[in-house]
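Examination of the molecular architecture
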Amino acid sequence: MYPITKSDAEWKAELSDEQYYVLRKAGTERPFSSPLNKIYEPGTYVCAACNTPLFEGKYKFDSGTGWPSFDRTIGDNVEYDVDYNLGYGRNEEHCATCGGHLGHVFDDGPRETTGKRHCINGDALIFEPKE
Ligand SMILES: [Zn+2]
């Protein structure tokens, strides 16, 4: 189904406990817990499981929610689904390459740009600063 597919045991062996919980179990990290939350340097945020570039630092903004937030993704590297885990539909986002869960997208982002708020778990991402 995805270009990169691994067994649950393989993912568990490769990822940290926190990464595994978010990416493979669709978990959510505690707000304000990610070291990436307050990073605004130029660079690229890649999938912590498969290194696919997902978000650019220049499109990151401070949403005040405690999770890294972006107003857009990098191309089609992110896919969408609807989940009803909280009893109502939310647009879930996952990596298009490995299927890893990233977070959700909402319509209360910056009005002056896309209006979208991609609310992403820092544990699903690795930040690669621009040289
Ligand atoms: Zn991935």
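Since this is a predicted model, take the numbers as computed values, not measurements. (Residues numbered from 1 in each chain as written. Predicted model: local features only at pLDDT ≥ 70, side-chain atom pairs only at ≥ 80, totals over all residues. Heavy atoms only, no water.)

With that out of the way, let us pick up the sheet that holds strand E7 (residues 101-106). Taken together, six strands build an open sheet; the order of strands is E3-E4-E8-E7-E6-E5 and the sheet is antiparallel. Looking at the sheet topology across the chains shown, the edges are occupied by strand E3 (60-61) and strand E5 (78-83). Pairing of E7 with strand E8 (residues 117-120), which is carried by four bridges, proceeds in the antiparallel orientation. Paired with phenylalanine 106 across the two strands is arginine 117, which belongs to E8. (Pairing = 2+ DSSP bridges. Helix = DSSP H or I, 4+ residues; strand = E, 2+ residues; numbered from the N terminus.)

The subject of this paragraph is the packing of aromatic side chains. Under the counting rule described, the total for this entry stands at three aromatic pairs. Centroid distance tyrosine 45 to phenylalanine 127: 4.6 Å. Interplanar angle 35°. Geometry classified as tilted. Taken as a pair, tyrosine 45 in strand E1 (residues 43-47) and phenylalanine 127 in strand E9 (residues 125-129) lie far apart in primary sequence, 82 residues in all. For phenylalanine 127, a relative accessible area of 15% puts it in the buried group. Taking the centre distance of 4.4 Å and the plane angle of 20° together, the rings of phenylalanine 55 and phenylalanine 70 count as stacked. Of this pair, phenylalanine 55 sits in strand E2 (residues 53-56) while phenylalanine 70 sits in strand E4 (residues 69-70), and the two are 15 residues apart along the sequence. Given a relative accessible area of 0%, phenylalanine 55 falls into the buried group. Judged by its relative accessible area of 0%, phenylalanine 70 falls in the buried class. Members of the aromatic cluster, each reached through a chain of ring pairs, are Tyr45, Phe55, Phe70 and Phe127. (Phe/Tyr/Trp six-rings, centres within 6.5 Å; stacked < 30°, edge-to-face > 60°. Buried < 20%, exposed > 50% of the residue type's maximum accessible area, 1.4 Å probe, protein only.)

The next point concerns the pattern of salt bridges. Scanning the model with the defined rule gives seven salt bridges in all. Across the pair aspartate 83 and arginine 90 runs a salt bridge whose closest N-O atoms are separated by 3.6 Å. Like arginine 90, aspartate 83 is buried. (Salt bridge = Lys/Arg side-chain N within 4 Å of Asp/Glu carboxyl O.)

Distances from the zinc ion to its protein donors, Cys47 (SG), Cys50 (SG), Cys95 (SG) and Cys98 (SG), fall within 2.3 to 2.4 Å. Angles of 101 to 116° at the metal separate the four donor atoms of the zinc ion, which places the site in the tetrahedral class. Between the donor residues of the zinc ion, the gaps in sequence give the motif C-x2-C-x44-C-x2-C. Here cysteine 50 is found in the loop between E1 and E2, whereas its partner cysteine 95 is found in strand E6 (residues 90-95), with 45 residues between them in sequence. (Donors = N, O, S within 2.8 Å, 3.2 Å for Na, K, Ca; no water. Tetrahedral: all angles 85-135°; square planar, octahedral: opposite > 155°, others 65-115°.)

From the geometry alone we can't say anything about function, so treat these as descriptive.
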